[in-house]
Amino acid sequence: MESIKSNLITLKEIVEKNYFFNIPIYQRLYVWENLQINTLLEDIATAFDDNKELYFLGGVLVVENQKIENGIIYDLIDGQQRFTTLWMLSMVLNGELEAFIERKEKEVNRHRVNFSIRNDIHQFFKNFILTRKIEKSTKHLENALAIMESYKEKFESEKTGKSKEIADFIFKKIKLIFTEVPKETDLNKLFEIIN
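Novice: Before we go on, may I ask you to explain the overall build of the chain in this structure?
Specialist: Across its full length, the chain carries eight helices and eight strands. Expected size for 195 residues packed as a compact globule is a radius of gyration near 16 Å; at 16 Å, the chain falls within 12% of this value. Its C-alpha atoms give the chain principal-axis dimensions of about 55 × 35 × 35 Å. Counting the 195 residues in the chain, one finds 48% classified as buried. At a minimum sequence separation of 6, the contacts of the chain that also span at least 24 residues come to 73%. Accessible surface for the chain amounts to roughly 10,200 Å². Of this, 49% is attributable to carbon and sulfur atoms.

Novice: Would you mind going over the side chain of H111 with me for this structure?
Specialist: Examined against the element boundaries, H111 turns out to sit in strand 6 (residues 110-111). Relative accessible area serves as the criterion here: at 10%, H111 is assigned to the buried category. Leaving out residues up to four positions away in the same chain, H111 has contacts with F20, W87, I101, E102, H122, F125, K126 and I129.

Novice: Hey, could you run me through the environment of F83 in this one?
Specialist: Its location among the elements puts F83 in helix 3 (residues 80-93). Each C-alpha atom of the pair F83 and G59 lies 8.9 Å from the other, and the pair is 24 residues apart in sequence. Not counting chain neighbours up to four residues away, the residues in contact with F83 comprise I14, F21, V60, L76, F100, V113 and L176.

Novice: Where do I start with the pattern of salt bridges in this structure?
Specialist: Evaluation of the coordinates by the stated rule reveals seven salt bridges. Here K172 and E96 are joined by a salt bridge, their closest N and O atoms 2.8 Å apart. In this pair, K172 sits in helix 7 (residues 163-173) while E96 sits in the loop between helix 3 and helix 4 (98-101), placing the two residues 76 residues apart along the sequence. Several salt bridges converge on common partners, so that one network encompasses R103, E105 and R110.

Reading guide: rules and limits
- By convention here, each chain's residues receive numbers from 1 onward along its written sequence.
- Reporting of local features is limited, given that this is a predicted model, to residues whose pLDDT is at least 70; pairs of side-chain atoms are given and counted only at 80 or more, and all residues count toward the totals for whole chains, interfaces and linings.
- Neither water nor hydrogens contribute to the side-chain values; these are computed over all heavy atoms in the structure.
- For helices the rule is a DSSP run of H or I covering at least 4 residues; for strands it is a run of E covering at least 2, with both sets numbered from the N terminus onward.
- The atom set for the radius of gyration is the C-alpha atoms, and the globule formula is 2.2 Å times the number of residues raised to the power 0.38.
- Note on classification: 1.4 Å probe, protein chains only; a residue is buried when its accessible area is under 20% of the maximum for its type, exposed when over 50%, partly exposed between these limits.
- Any pair of residues with heavy atoms lying within 4.5 Å of one another is described as a contacting pair.
- Surface accessibility in these figures is a Shrake-Rupley result with a 1.4 Å probe; residues are shielded only by whichever protein chains are displayed.
- Basic side-chain nitrogens of Lys or Arg form a salt bridge, by our definition, when they fall within 4 Å of a carboxyl oxygen of Asp or Glu.

Shape is all these values report; function is a separate question.
Shown next, in the form of structure tokens:
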């Protein structure tokens, strides 16, 4: 039987390793409110201002879903809210974070994060990535992106246009604890335990 594997990983390493993430149907939709989003953004800004070499941002718990050509798709079992926030932040800040948004492929670009059987959410993100316009979706997604947009504007004015630098900081210096559980793990039981 395989064992649980844990290591520290940056978003840059996720891109380099061609990891992609599926949000399983049993996961709740994105529900972070203003407080959680603002706290995360302020913590990142403080770490950036303090010129931290590394900034630990909690963990994600995954299980391999499938191997694909030049990559692996993982089911994201825990850490979805934080991880989805980072993914949306990459869409707003751009810079080196653009590589975290999606991988350019021959026929269709592969989003770094996919929401199982939730075509409306997939379409919302597809449109936002293409147009950078916030269209009608869940109030939590709309609100989160609006907060991030205002954060970018504030950061641009206060920090003399350094949103690309903070994007690069997030891409290279934020570390997540990446824990992979074996495929044979009873995910229903594990999900009940962690929630």
